[in-house]
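# Notes for the structure review
Chain residues, written in single-letter form:
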Amino acid sequence: MKLPDLCSFENIVIFTGAGMSAESGVPTYRGAGGIWSEYRYQEYACQQAFDLDPEKVWKFHELRRRMVHQCQPNAGHVLVAEMQASLEQISLITQNIDGLHQRAGSDSVTELHGSLWRVRCEQEKKVSDALDVNMPSLKCECGAWLRPDITWFGDSVDIFTMELATTLAAQCDMFISIGTSGVVFPAANLPIVAKNHGAFLIEINTEATEASHLHDLELRGKASDVLAKIWNSAC
Ligand code: OAD
């Protein structure tokens, strides 16, 4: 099959989900072995759970931080970073909170769902980096609990981040979804926005998703393999 040449597009959005990090050993959220089949998000990933038992919620997130810390960016992350460095028309939007795109060298990443590597004090409305895998304190200097700077279930996506992502999707002429089930909104609106504005949509995924029908080209396979094929046939 002839793959579209990335270099013939003016604005490209790469939109990644948990499948992008699967080859690094980070579990996805849904399906067999998915995080939400092992942990009920109602107990670990929503503000109500945090208000009820912050230590329990933090234990889950500290476990995730330690696990992700041990994982390395995979060939797919490295390719995305290489593509961004070579083609200035590429923007990267991720739903992932693992920071692996940045560790692979992507320096401009729109993180829709926040990051495991930042914390937030709700009392002071202050966001800070928390890059050290062993958190020195789970409490802010003001005495309030810090919470992970992540979009939990029931939270709104940061309005400025969503606005930026929506603008990028509306302005692009190619939109590449990689490793996302396309069921979590408002993130799942982005391919719809891109399509409504006339972009060409590619889906890279090991299996069909609920958003597959939106895409002009469905490429089945692992993110790193399919990305390598696309990149090798560019320019
Ligand atoms: P999901 O777990 O819902 O979907 C992962 C997708 O990746 C599935 O469609 C898999 O088929 C696909 N996949 C698995 N391995 C792959 C590989 N090696 N190459 C390509 N595709 C692969 O993850 P997301 O769609 O990212 O929210 O989930 C969206 C949001 O739901 C997440 O950001 C998270 C979660 O609740 C927050 O953390 C706030």
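In the block above lies the structure referred to throughout.
This report concerns the structure included in the present document. Quantities reported herein were computed from a predicted structural model and do not represent experimental measurements.

All right, on to helix 6 (residues 75-86) then. The terminal C-alpha atoms of helix 6 lie 16 Å apart, and with 12 residues this matches the ideal 16 Å at 1.5 Å per residue to within 8%. Buried residues of helix 6: G76, H77, L79, V80, A81, M83 and Q84, and no others. Those residues of helix 6 hidden inside the fold are in contact with strand 1 (12-16), helix 1 (19-22), strand 2 (90-94), helix 7 (100-103) and helix 10 (223-232). Here helix 6 starts with a cap whose side-chain oxygen sits 2.7 Å from the backbone nitrogen of G76, and that cap is N74.

A word on the site of the ligand. The environment of the ligand is made up of 24 residues, and the closest members are R30, T151, T180, S181 and N205. In the model, an oxygen atom of the ligand is placed 2.7 Å from a nitrogen or oxygen of the R30 side chain. Classifying every residue of the shell around the ligand gives 7 nonpolar, 13 polar and 4 charged.

Now for the packing of aromatic side chains. For the structure on display, the rule yields 11 aromatic pairs. When the ring of Y39 is compared with that of Y44, the centres are 5.1 Å apart and the planes differ by 85°; the resulting orientation is edge-to-face. Look at Y44 and you get buried, because its relative accessible area is 17%. Between Y39 and F60, the aromatic rings sit 4.8 Å apart at their centres with planes inclined by 55°, giving tilted as the arrangement. Residue Y39 is located in the loop between helix 2 (35-38) and helix 3 (41-44), and its partner F60 is located in helix 5 (residues 54-70); the two are separated by 21 residues in the primary sequence. By the ring-pair criterion, three or more aromatic residues cluster together here, those being Y29, W36, Y39, Y41, Y44, F60 and F153. Over the ring of Y44 we find K56, and its NZ or CZ is 5.1 Å from the ring centre. Of note, R147 hangs over the ring of W152, and the distance from its end group to the ring centre comes to 3.9 Å.

Bringing the nonpolar core into the picture now. Within soluble globular proteins, side chains that are nonpolar tend to cluster in buried spots. Counting 29 residues, the largest nonpolar core has W58, L116, V119, M135 and W152 as its most contacted members. Once you skip the residues sitting within four places of it in the chain, M135 turns out to touch W58, E62, R65, V119 and A130. Counting 26 residues, the second-largest nonpolar core is a separate cluster that includes L6, I14, L217 and W231.

Turning to the state of the cysteines, a few remarks are in order. Evaluated as defined, the whole model comprises 1 disulfide. A sulfur-sulfur distance of 1.3 Å marks the disulfide that ties C7 to C235. On the S-S bond that ties C7 to C235, the torsion sits near -45°, and the link is left-handed. Of this pair, C7 sits in the segment before strand 1 while C235 sits in the segment after helix 10; the two residues are 228 residues apart in sequence, bridging distant segments of the chain. On the basis of relative accessible area, C7 is assigned to the partly exposed category, the value being 27%. Free of any disulfide, C140 has its nearest cysteine sulfur in C142, 3.6 Å distant. Here C172 is not cross-linked by a disulfide; its sulfur's nearest cysteine counterpart is in C7, at 16 Å.

Another point: the environment of G182. Tracing the backbone shows G182 in the loop between strand 7 (174-178) and helix 9 (189-196). Judged by its relative accessible area of 17%, G182 falls in the buried class. In this structure the C-alpha to C-alpha distance between G182 and E210, which are 28 residues apart in sequence, comes to 6.3 Å. Among all residues touching G182, those that are not within four sequence positions of it are A188 and A211.

Here is what the cut-offs are and how they apply
Residues numbered from 1 in each chain as written. Predicted model: local features only at pLDDT ≥ 70, side-chain atom pairs only at ≥ 80, totals over all residues. Heavy atoms only, no water. Helix = DSSP H or I, 4+ residues; strand = E, 2+ residues; numbered from the N terminus. Expected span 1.5 Å × (residues − 1). Buried < 20%, exposed > 50% of the residue type's maximum accessible area, 1.4 Å probe, protein only. Contact = heavy atoms within 4.5 Å. Polar contact = N/O pair within 3.5 Å; in protein donor to acceptor, adjacent residues only side chain to side chain. Near = heavy atom within 4 Å. Nonpolar A, V, L, I, M, F, W, Y, C, P; charged D, E, K, R; others polar. Phe/Tyr/Trp six-rings, centres within 6.5 Å; stacked < 30°, edge-to-face > 60°. Lys NZ or Arg CZ within 6 Å of the ring centre and 35° of its normal. Core = buried A, V, L, I, M, F, W, Y, C linked by side-chain atoms within 4.5 Å. Disulfide = S-S within 2.5 Å.

Shape descriptors only; they carry no functional weight alone.
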